[in-house]
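Given next are the chains, with one letter for each unit.
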Amino acid sequence: MNKFTGVDYFQLESLYSDDEIMIRNSVREFVDHEIIPVIEKHYMEGTFPLHLVPKLAELGVFGPTLPQKYGCAEVNNVAYGLIMQELERGDSGVRSFASVQSGLVMYPIFTFGSEEQKDYWLPKLAAGEKIGCFGLTEPDFGSNPGGMITKAVKVDGGYLLNGAKMWITNGTIADVAVVWAKLDGKVKGFLVEKGMKGFSAPEMKGKHSLRASVTSELVFEDVFIPEANRLPLADGLKAPLMCLNQARYGIAWGVTGAMMAVYDSALSYAKSRIQFGKPIASFQMTQEKLVYILTEITKSQLLNYHLAKLKDKGEVKHTHISMAKRNNCEKALDAARVAREIFGANGILDEYPVMRHSANLESVKTYEGTHEMHTLILGEDITGIPAFE
Amino acid sequence: MKIAVCVSHVPDTAAKINIGADGKTIDPNGVTYVVNPYDEFAIEEALKTKEAAGGEVIAISLGGEANKETIRKALAMGVDSAVLLKDDNYRDSLSVAKALAEEIKAQNAELVFFGKQSVDFDNSVVGQMTAELLNYNCVSVVVSFKLEGNKITAEREIEGGKEVVETSLPAIITAQKGLNEPRYASLKGIMAAKKKTIEEKPAAAAENKVEVLGLKKPAAKQAGKIIGSDATAVPELVRLLKEEAKVI
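Scope of this entry: the structure provided in the associated data block.

Reading the values: the criteria
Residues numbered from 1 in each chain as written. Chains lettered and ligands numbered in written order. Predicted model: local features only at pLDDT ≥ 70, side-chain atom pairs only at ≥ 80, totals over all residues. Heavy atoms only, no water. Salt bridge = Lys/Arg side-chain N within 4 Å of Asp/Glu carboxyl O. Helix = DSSP H or I, 4+ residues; strand = E, 2+ residues; numbered from the N terminus. Contact = heavy atoms within 4.5 Å. Buried area = accessible area lost by both parts, 1.4 Å probe. Polar contact = N/O pair within 3.5 Å; in protein donor to acceptor, adjacent residues only side chain to side chain. Axes fitted to C-alpha atoms, helices over the stretch in contact; angles between N-to-C directions. Parallel < 35°, antiparallel > 145°, perpendicular 65-115°, else oblique. Left-handed = near helix turned anticlockwise from the far one by under 90°. Buried < 20%, exposed > 50% of the residue type's maximum accessible area, 1.4 Å probe, protein only. Lys, Arg positive; Asp, Glu negative; His and termini not counted. Phe/Tyr/Trp six-rings, centres within 6.5 Å; stacked < 30°, edge-to-face > 60°. Lys NZ or Arg CZ within 6 Å of the ring centre and 35° of its normal. Pairing = 2+ DSSP bridges. Expected span 1.5 Å × (residues − 1).

Side note on the pattern of salt bridges
- Summed over all chains, the structure comprises 38 salt bridges over all chains.
- One salt bridge in this structure joins A:Asp18 and B:Arg72, with 3.3 Å as the shortest N-O distance. Of this pair, A:Asp18 sits in helix α1 (residues 18-45) while B:Arg72 is found in helix α2 (residues 67-77), placing the two residues in two different chains.
- The closest approach of N and O atoms between B:Glu65 and B:Lys86, which form a salt bridge, is 2.7 Å.

The following block contains the structure:
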């Protein structure tokens, strides 16, 4: 296969700074050499490429926007977005790992944690020595996290935690779980560590999507959490929702990368696959499909770029992020399905990345706020009427 | 110890090259430039040597403003500082070597790494010429390198095998693929590179002994010929391989 040189129909390259381009190129090179050659095998076998964690840490993709004193690179949100884009061009599961570690574990510890918690955990998480996960969703509370039944009760020196979480990326391999539970009816955050008595994290099996990613349940049976493991500044449901904003931001960029992967491979296939004596790229219906995907990539890139600028200026609203997440995931899934059609039967094989991306994007469209919930968040924002209460 | 690494800025090997209007240079429009791939091995070896033996690594590059992109990549990989010897015009290999030798001397670098060749003009001589000009020892096309005190043990690729050689500092080493696995420029490295200096100075005057008269693209590939699909085509195939392709 030819070297991937990006998809940039609207010359966005001219908007990126030298550092942003260099960061993107370095991650792009990493994805080409380290992820793409091994990912199909992991996907088919249903395993996460754990050997990549130290390498990804060395590259610097865990918590890259956080301060240097914690061993992070302290890059801006354009660079962070480009990192996520390139990782997901490799695989949504690998991007999910980095999103969770960065946006859902390091971000809450940085934002709601004590100085001791930050000093202890952030350098280890940045270096990939420790892996984190985020426990909010429960078997019966997905789109409605406020209804959670996981509960903490104050006891001498700490808390007793009971309940269960589901659909937790990295759960089984995590050293620390950022767990949200109700204490006296109010949502609080706790750092639950691997090996704590009464805590288990069995892996969920049978996925047809995100197969190169670990998805788990978290089970808490009278788990004693020392006072030092509560996130002191997290108070109420707003705290986990702030974390989700970080992750959703990364997803909006990430799925653009998945679209680039399917476009790049569909275009090259269409130019080389001969039917009726000519390349299928010469047929109008194939051209329409390619144009559709390229247009959606370009639209998502423009949304992402301005979203990054708003985020860097501190002017981004959660509804802006909802719009980008909602639009880009929907279009990425459509684009992957359309790309698969260009490949005909060949599209279902692991020789090409399209079916894997397509199956992954089914999850990505649903997780971190379903497509429907983002619609209702935007609906409420423009009408002032919440449709989900 | 001061270690130097000489880096060149070359068209990406995946880029489609067009010849410029003057017929002597390539048209840079739409061409992505990268660090010469062999120089990446040189950078990595310089960094590994510094990490093991201490010292500092300086990158030296000769060319125009655009070379800063390659220099920044070297700095992002971990090189400490850099010098850009500015010259926008064509230079032959000896003229490049003279300018580099002058700077290496000024920097007092005892150990210098080059890529075994630049993938743009492929002359494969600048490292060796520079060594000659400086009266440094030189080992070329190196696939394994070890420095102990003043002593260098290196393996170089030769036709059908490897040659193990021993020499001493000061020395120039030209790197071949296989010498190491170049590191990725990390995000921290990229951010740190912003604070590192690139010293710019005019390159020593060029005295070219070789002039480029023109560039030509290779002849377009001819369409293949199908001479048949069964055993009856074999005599004709043999005749063509003998008389036309002249390969048997």
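Next comes the rest of the account.
Regarding the interface of chain B and chain A
- On the side of chain A, 22 residues touch chain B, which itself brings 16 residues to the contact.
- Together chain B and chain A conceal approximately 1500 Å² of surface at their shared face, both sides included; 62% is due to carbon and sulfur atoms.
- Inspection of the chain B/chain A interface yields four salt bridges.
- Note that A:Lys3 and B:Asp12 form a salt bridge whose closest N and O atoms lie 2.8 Å from each other.
- Applying the counting criterion to the chain B and chain A interface returns eight residue pairs in polar contact (both at pLDDT 80 or more).

Quick notes on the packing of helix α6 (residues 238-272) of chain A against helix α8 (residues 318-342) of chain A
Residue and element names in this part refer to chain A.
- Two elements in contact, α6 and α8, have axes whose closest approach is 8 Å; the angle formed by their N-to-C orientations is 20°. Taken together, the axes of α6 and α8 are roughly parallel relative to one another. Two packed elements cross with a definite hand, and for α6 against α8 that hand is left-handed. Residues Asn-245, Arg-248, Tyr-249, Ile-251, Ala-252, Val-255, Thr-256, Met-259, Val-262, Ala-266, Tyr-269 and Ala-270 of α6 touch α8, and the partners they reach there are His-318, Ile-321, Ala-324, Lys-325, Asn-328, Cys-329, Lys-331, Ala-332, Ala-335, Ala-336, Ala-339 and Ile-342.

Some points on the side chain of A:Lys289
All names here are of chain A.
- Mapped onto the elements, Lys-289 comes out in helix α7 (residues 284-312).
- Buried and without a salt bridge, Lys-289 has Glu-341 as its closest oppositely charged side chain, separated by 4.0 Å.
- Here Lys-289 is in contact with Val-338, Glu-341 and Ile-342, once residues within four sequence places are set aside.

Focus: the packing of aromatic side chains
- A complete count under the given rule lists 20 aromatic pairs over all chains for this structure.
- Look at A:Tyr107 and A:Phe112: their rings are 6.5 Å apart centre to centre, the planes differ by 85°, and that puts the pair in the edge-to-face class. For the pair A:Tyr107 and A:Phe112, one class covers both residues: buried.
- The rings of A:Tyr107, A:Phe112, A:Phe134 and A:Trp180 are connected pair by pair, giving a single aromatic cluster.
- The ring of A:Tyr120 carries the charged tip of A:Lys124 above its face, separated from the ring centre by 4.0 Å.
- Residue placement shows B:Lys116 over the ring face of B:Tyr38; its charged tip is 4.7 Å from the ring centre.

Overview of the environment of B:Gly161
- Here B:Gly161 shows up in strand β9 (residues 161-168).
- When the C-alpha positions of B:Gly161 and B:Gly23 are compared, they lie 40 Å apart, and in sequence the two are 138 residues distant.

Observations concerning unusual backbone geometry
Residue and element names in this part refer to chain B.
- Between Leu-169 and Pro-170 the backbone carries a cis peptide bond, its omega angle lying at -5°.
- Counting through the fold element by element, Pro-170 comes out in the loop between β9 and β10 (171-175).
- Here the phi dihedral of Asp-122 falls at roughly 55°; this positive angle occurs in a residue that is not glycine.

A word on the pairing of strand β7 (residues 137-148) of chain B
Residues and elements named next belong to chain B.
- Note that β7 and β10 share four bridges and pair parallel. Residue Asn-137 lies in a different strand from β10, and its bridge partner there is Ala-171.
- Bridge analysis of β7 against strand β8 (residues 151-158) gives six bridges, and the strand direction is antiparallel. Across the sheet, the residue bridging to Leu-147 is Ile-152, located in β8.
- Between β7 and β8, which pair antiparallel and follow one another directly, the connecting turn spans two residues, one of which, Gly-149, has a positive phi of 60°.

Observations concerning helix α9 (residues 354-366) of chain A
Residues and elements named next belong to chain A.
- Relative to the 18 Å expected for 13 residues at 1.5 Å per residue, α9 spans 19 Å between its end C-alpha atoms, a close match to the ideal helical length.
- Of the residues making up α9, those classed as buried are Val-354, Arg-356, His-357, Ser-358, Ala-359, Asn-360, Leu-361, Ser-363 and Val-364.
- On its buried side, α9 packs onto α1, α3 (77-90), α4 (92-112), α6 and α8.
- Positive phi appears at Glu-368, one or two residues downstream of α9, with a value of about 60°.

The quantities given are spatial measurements derived from coordinates; they are silent on function.
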